[in-house]
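Chain and residue survey
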Amino acid sequence: MTSRYISQSVSLISALIAGCGGKPASVATPAASGPPDVVLVGGDVWTMDPAHPRAQAVAWRGDQVVAVGDDAAVRALAGPATRVIDLHGRSATPGLVDAHCHLYGLGTDLE
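Residues numbered from 1 in each chain as written. Predicted model: local features only at pLDDT ≥ 70, side-chain atom pairs only at ≥ 80, totals over all residues. Heavy atoms only, no water.

**Remarks on the pattern of salt bridges**
Charged atoms that come close allow side chains of opposite charge to pair. Under the counting rule described, the total for this entry stands at 1 salt bridge. Taking the shortest distance from any N to any O, the salt bridge between Arg54 and Asp44 comes out at 2.7 Å. Of this pair, Arg54 sits in strand 3 (residues 54–55) while Asp44 sits in strand 2 (residues 44–46), placing them 10 residues apart in sequence. (Salt bridge = Lys/Arg side-chain N within 4 Å of Asp/Glu carboxyl O. Helix = DSSP H or I, 4+ residues; strand = E, 2+ residues; numbered from the N terminus.)

Right under this line is the structure:
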């Protein structure tokens, strides 16, 4: 894996985790605090919102999801410094980071 791929994956996962905390704004909501930091377009975004379970694009600023919708509407929010990531049809979902492990074969009975 390249460091660029890992960096994009970490950014995507972090943003989607941050977005799980609240209801994403629709693309009709004006960007009150400027353009988003990152925009994901060209994908299959699973929102986990029963009213709008799927979208093509998502945008976030800091740790807040600011828009979810179709490619054109979300891409229009991007500014000159916005990082735009094309998913090329791949899926993006909110995720959890569960940092634990199972230790087996250490020569002790851990049950």
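**A closer look at the confidence of the model for the protein chain**
Confidence in the prediction of the protein chain, expressed as mean pLDDT, is 76, and 61% of residues score 70 or more. Note on residues 17–30: pLDDT under 50 across the span, and 20 contacts to partners over four residues away in sequence or across chains. (pLDDT = per-residue confidence, 0-100. Contact = heavy atoms within 4.5 Å.)

**Brief notes about unusual backbone geometry**
Glycine aside, residues mostly have negative phi angles, and peptide bonds mostly take the trans form. Despite not being glycine, Met48 has its phi angle at roughly 65 degrees, a positive value. Position of Met48 relative to the elements: it lies in the loop between strand 2 and strand 3. The phi dihedral of His88 falls on the positive side, at around 50 degrees, and the residue is not glycine. One can find His88 in the loop between strand 6 (83–86) and strand 7 (91–92).

**Looking at the sheet that holds strand 2**
Here 3 strands make up an open sheet; going across it, the order is 3-2-7 and the pairing mixed. Each edge of the open sheet is held by one strand with a lone partner, namely strand 3 and strand 7. Bridge analysis of strand 2 against strand 3 gives 2 bridges, and the strand direction is antiparallel. Its bridge partner lying in strand 3, Trp46 is registered against Arg54. (Pairing = 2+ DSSP bridges.)

**Concerning the environment of Asp70**
Tracing the backbone through its elements, the reader meets Asp70 in the loop between strand 5 (64–69) and helix 2 (71–75). Sequence separation between Asp70 and Arg54 is 16 residues; the distance between their C-alpha atoms is 9.8 Å. Those residues within four positions of Asp70 in sequence are excluded, and the remaining contacts are Gln56 and Ala57. Here the side chain of Asp70 touches Ala72 through a polar contact of 3.1 Å, landing on its backbone nitrogen. A distance of 2.9 Å separates the side chain of Asp70 from the backbone nitrogen of Ala73, its partner in a polar contact. (Polar contact = N/O pair within 3.5 Å; in protein donor to acceptor, adjacent residues only side chain to side chain.)

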